[in-house]
Amino acid sequence: MNADANSQANPDSGADPPQTEEKWGYDLYPERRGQKYQPSLAKIALLGEGRENIDKIKCERNVWNCAQKSPIVKLMLAALKSSGCEVDLSRHVACEVCDVSVSGGYDPELNQVVVCQNVARSEGMTQGVLTHEFIHMFDYCRNKLDFKNIEHLACTEIRAANLSHCSFLSAVGQGDASPFKIAKAHQDCVKTKAALSVMAVRKVSEPEARAVVDKVFDKCYNDLEPIGRRIRRNSLDMHKAYMERFAYGYD
Ligand SMILES: [Zn+2]
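- In the nomenclature of an unreviewed UniProt entry, the protein chain is known as Mitochondrial inner membrane protease ATP23 of Penaeus vannamei.

### Let's talk about the confidence of the model for the protein chain
Step number 1: With 69% of its residues at a pLDDT of at least 70, the protein chain reaches an overall mean of 78.
Step number 2: Scored below 50 in pLDDT, residues 8–20 makes 9 contacts in the model with residues more than four places away or belonging to other chains.
Step number 3: Scored below 50 in pLDDT, residues 168–174 shows 14 contacts in the model against residues more than four places distant or in partner chains.

### Focus: the environment of His 186
Step number 1: Along the chain, the position of His 186 falls in helix H8 (residues 179–202).
Step number 2: A residue is classified by how many C-beta atoms lie within 10 Å of it, and His 186, with 20 of them, is buried.
Step number 3: Distance from His 186 to Cys 166, taken between C-alpha atoms, is 6.2 Å for residues 20 residues apart in sequence.

### Here's the deal with unusual backbone geometry
Step number 1: Even without being glycine, Asn 111 reaches a positive phi, approximately 50 degrees.
Step number 2: Relative to the elements of secondary structure, Asn 111 occurs in the loop between strand S3 (102–107) and strand S4 (112–116).

### Observations concerning the nonpolar core
Step number 1: Formed by 56 residues in total, the largest nonpolar core has its most connected members in Val 115, Ile 158 and Val 198.
Step number 2: When residues in this core are grouped by element, the largest group, 8 residues, is from H8.
Step number 3: Those residues in contact with Val 198 that lie beyond four places of it in its chain are Ile 150, Leu 153, Ala 154, Glu 157, Val 204, Ala 209, Val 212 and Val 213.

### Remarks on the pairing of S3
Step number 1: Of all the 6 residues making up S3, 6 are buried; the element is thus mostly covered by neighbouring parts of the structure.
Step number 2: Inspection of the sheet shows S3 paired to S4 by 4 bridges, in the antiparallel sense. Within S4, the position partnered with Asp 107 by the bridge is Gln 112.
Step number 3: Here S3 hands over to S4 after 4 residues, with Asn 111 in that stretch at a positive phi of 50 degrees.

### Re the packing of helix H2 (residues 51–69) against helix H5 (residues 123–143)
Step number 1: Between H2 and H5, the least distance of the axes is 9 Å, while the angle of their chain directions is 70 degrees. One way to sum up the angle between H2 and H5 is to call them roughly perpendicular. Relative to H5, H2 is oriented so that their crossing is right-handed. Taking contact as the criterion, the partners of Asn 62, Val 63, Asn 65 and Cys 66 in H2 are, on H5, Glu 123, Thr 126, Gln 127 and Leu 130.
Step number 2: By residue class, the composition of the contact of H2 with H5 is 3 nonpolar, 4 polar and 1 charged.

Thresholds applied
- Residues numbered from 1 in each chain as written.
- Predicted model: local features only at pLDDT ≥ 70, side-chain atom pairs only at ≥ 80, totals over all residues.
- pLDDT = per-residue confidence, 0-100.
- Contact = placed C-beta atoms within 7 Å.
- Helix = DSSP H or I, 4+ residues; strand = E, 2+ residues; numbered from the N terminus.
- Buried ≥ 20, exposed ≤ 12 C-beta atoms within 10 Å, placed from the backbone.
- Core = buried A, V, L, I, M, F, W, Y, C linked by C-beta atoms within 7 Å.
- Pairing = 2+ DSSP bridges.
- Axes fitted to C-alpha atoms, helices over the stretch in contact; angles between N-to-C directions.
- Parallel < 35°, antiparallel > 145°, perpendicular 65-115°, else oblique.
- Left-handed = near helix turned anticlockwise from the far one by under 90°.
- Nonpolar A, V, L, I, M, F, W, Y, C, P; charged D, E, K, R; others polar.

As structure tokens, this is what we get:
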């Protein structure tokens, strides 16, 4: 399972209990493998019964809208199709209740993207989750990644953070936007985000996760397929990437 840390949750909160067996991240997604999320009595009293169903409908609508309107999501769908891994939204994308520490995930055994309906509530956040998780799907499709190999895991997390999450504005917002500083800030953002995602799945320490990320960083950071460029927020990059998809052989 590729679990993706919810950037609004503090991943460092609380000490991890000693890990006796590998869980591969599935414990973060209680609805995977047939278990239905059961709201506790306290939650029913607080939110009203049926909140999960309303969330699911909203989430599925957000997914549908992104697939129709978002250039970056449409580009990923086209790239997957051209790579022989065409996405059927109803089969390959699932809205589920997740642990609040994650916003989305990719389940390689079922070849399914999970959108966490209780965390990724807006269309913008859904777009981010879909782009990120479709990069994992693309990597499993194209490269036959072994997600139990921690270097493979780190590589696909670097690519996903690089191509979707870490933006130009993160450096500008900090007041110093020289090109060198931006490049450094972007790399630091990718390294941190990728290390957090590795830690979410494998329960390794932060130094261990960072060491693996550093080891494969250069190779994976410079692999920009299938988007072809790093996307800057609030720029025309998404549209450019979508318009140029033919140059990469995606239809
Ligand atoms: Zn990821």
